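Descriptive structure summary
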Amino acid sequence: MEQNLDALVQAQQAYFLSGATRSYEFRARQLRRLQDAIRRYEPEIMAALKQDLGKPDLEAYAGELGFVYAELRHVLKRLMTWMRPKRVPTPLTLQPSSSFVISEPLGRVLIISPWNYPFQLLIAPLIGALAAGNCAVLKPSELAPHTAHVVERLIGEIFSREYVAVVQGDVEVSRALLARKWDHIFFTGSASVGRIVAPAAADHLTPATLELGGKSPCIVDRE
């Protein structure tokens, strides 16, 4: 496994450095391919969510697929604007130059998802990663195996592994992935696992987005 992971990391690094992911045309095309593939796989995704979590079709669509479709529409509508250089004021000491903010891809993104929304919380971060011109490795939750395998087939059908890859496995696989150097890590899950992810990212000075287990506030009152 270690050698396979090292080879995958190196292949994605080489692909990213080739510049293939940088153009607007490439990014938009890949997002549309993802959108089309999700529509083709929609019955299988819904069935997998029912097998893994018992989610009825309405809940599976509203909380998982519908969210992802909305995210794709939102990103595709705004992507060209987001990619344009933004002119900003130039300090007096740097006159008569012009100043711009230019958004650059980070490189290779590791996305680790939880079991409770195993499709939405894996694919929504992927949409952002691809829109930003990155490569990605997806680690689905082993606690939602049917959804994980549908996602692996979907991703494998439309993307090369040097661009987007799915890596299956348990906590040991997650630890092995975290031991590698990434350019960004996106993790959704418990605070206890977040305490493992954060130091692993810090070891490589890797920026990380951690969406950790929160609780919805409520008020309990007398009837």
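Structure's up top.
So, a few notes on the structure that sits alongside this text. All chains use their own residue numbering, which begins from 1 and follows the written sequence. Side-chain atom pairs in this predicted model are given and counted only at pLDDT of 80 or more, local residue features only at pLDDT of at least 70, and totals for whole chains, interfaces and linings cover all residues. Note that water and hydrogens are dropped before the side-chain values are worked out from all heavy atoms of the structure.

As for the pairing of strand β4 (residues 135-139)
The element β4 is extensively covered by neighbouring structure, given that five of its five residues are classed as buried. The buried label goes to any residue with under 20% of its type's maximum accessible area, the exposed label to any with over 50%, and the partly exposed label to all in between, with areas taken from a 1.4 Å probe on protein chains only. Secondary structure elements follow DSSP: runs of H or I no shorter than four residues count as helices, runs of E no shorter than two count as strands, and numbering proceeds from the N terminus. A two-sided burial pattern is seen for β4, the buried positions comprising Cys135, Val137 and Lys139 on one face and Ala136 and Leu138 on the other. A pair of strands counts as paired when DSSP detects no fewer than two bridges linking them. Pairing analysis gives five bridges linking strand β3 (residues 108-112) to β4, with the strands arranged parallel. The partner of Arg108 across the bridge, within β4, is Cys135. Clockwise travel from the first strand over the helix to the second, with the strands pointing away from the viewer, marks a crossover as right-handed. Taken together, β3, helix α4 (residues 120-131) and β4 constitute a β-α-β crossover, and its handedness is right-handed.

Describing the sheet that holds strand β6 (residues 184-189)
The parallel open sheet is built from five strands, whose spatial order is β5-β4-β3-β6-β7. Every interior strand has two partners, whereas the edge strands, β5 (164-166) and β7 (208-212), have only one. For this sheet, the mean inter-axis angle between neighbouring strands, taken without regard to orientation, is 10 degrees. Relative to β6, β3 is paired through four bridges, and the arrangement is parallel. Of the residues in β6, the one forming a bridge with Leu110 is Ile185. Contacts were defined at the residue level, with two residues in contact if any of their heavy atoms lie within 4.5 Å. Only the stretch in contact is used when fitting a helix axis, every axis being a line fitted to C-alpha atoms; angles between N-to-C directions are given from 0 to 180 degrees. Packed onto the sheet, helix α6 (residues 171-178) meets β3, β4 and β6 and runs at close to 155 degrees relative to β4.

Remarks on the pattern of salt bridges
Charged atoms that come close allow side chains of opposite charge to pair. Salt bridges are counted wherever a side-chain nitrogen of Lys or Arg sits within 4 Å of a carboxyl oxygen of Asp or Glu. With the rule as written, the count across this model stands at nine salt bridges. The shortest N-O distance in the salt bridge between Arg40 and Glu157 comes to 2.5 Å. With Arg40 in helix α2 (residues 24-53) and Glu157 in helix α5 (residues 145-158), this residue pair connects regions lying 117 residues apart in the sequence. Here Arg40 falls in the partly exposed class, since its relative accessible area comes to 48%. Salt bridges sharing common partners tie together Arg108, Lys181 and Asp183.

Observations concerning the pairing of β7
Note: β6 against β7, five bridges, orientation parallel. Pairing of Phe187 across the sheet is with Leu210, part of β7. A crossover links β6 with its parallel partner β7, the connecting element being helix α7 (residues 191-203), and its sense is right-handed.

Some points on the packing of α2 against α4
Where α2 meets α4, the closest approach of the two axes is 9 Å, and the angle between their N-to-C directions is 160 degrees. Between α2 and α4, the crossing angle belongs to the class labelled roughly antiparallel. Between α2 and α4, the residues in contact are Arg27, Leu31, Leu34 and Ile38 and Ile123, Leu126, Ile127, Leu130 and Ala131, respectively. Any residue that is not Ala, Val, Leu, Ile, Met, Phe, Trp, Tyr, Cys, Pro, Asp, Glu, Lys or Arg is counted as polar, Gly included; the first ten are nonpolar and the last four charged. Counted by class, the contact of α2 with α4 contains eight nonpolar, no polar and one charged residues. Each angle gets one of four labels, with under 35 degrees taken as roughly parallel, over 145 as roughly antiparallel, 65 to 115 as roughly perpendicular, and the rest as oblique.

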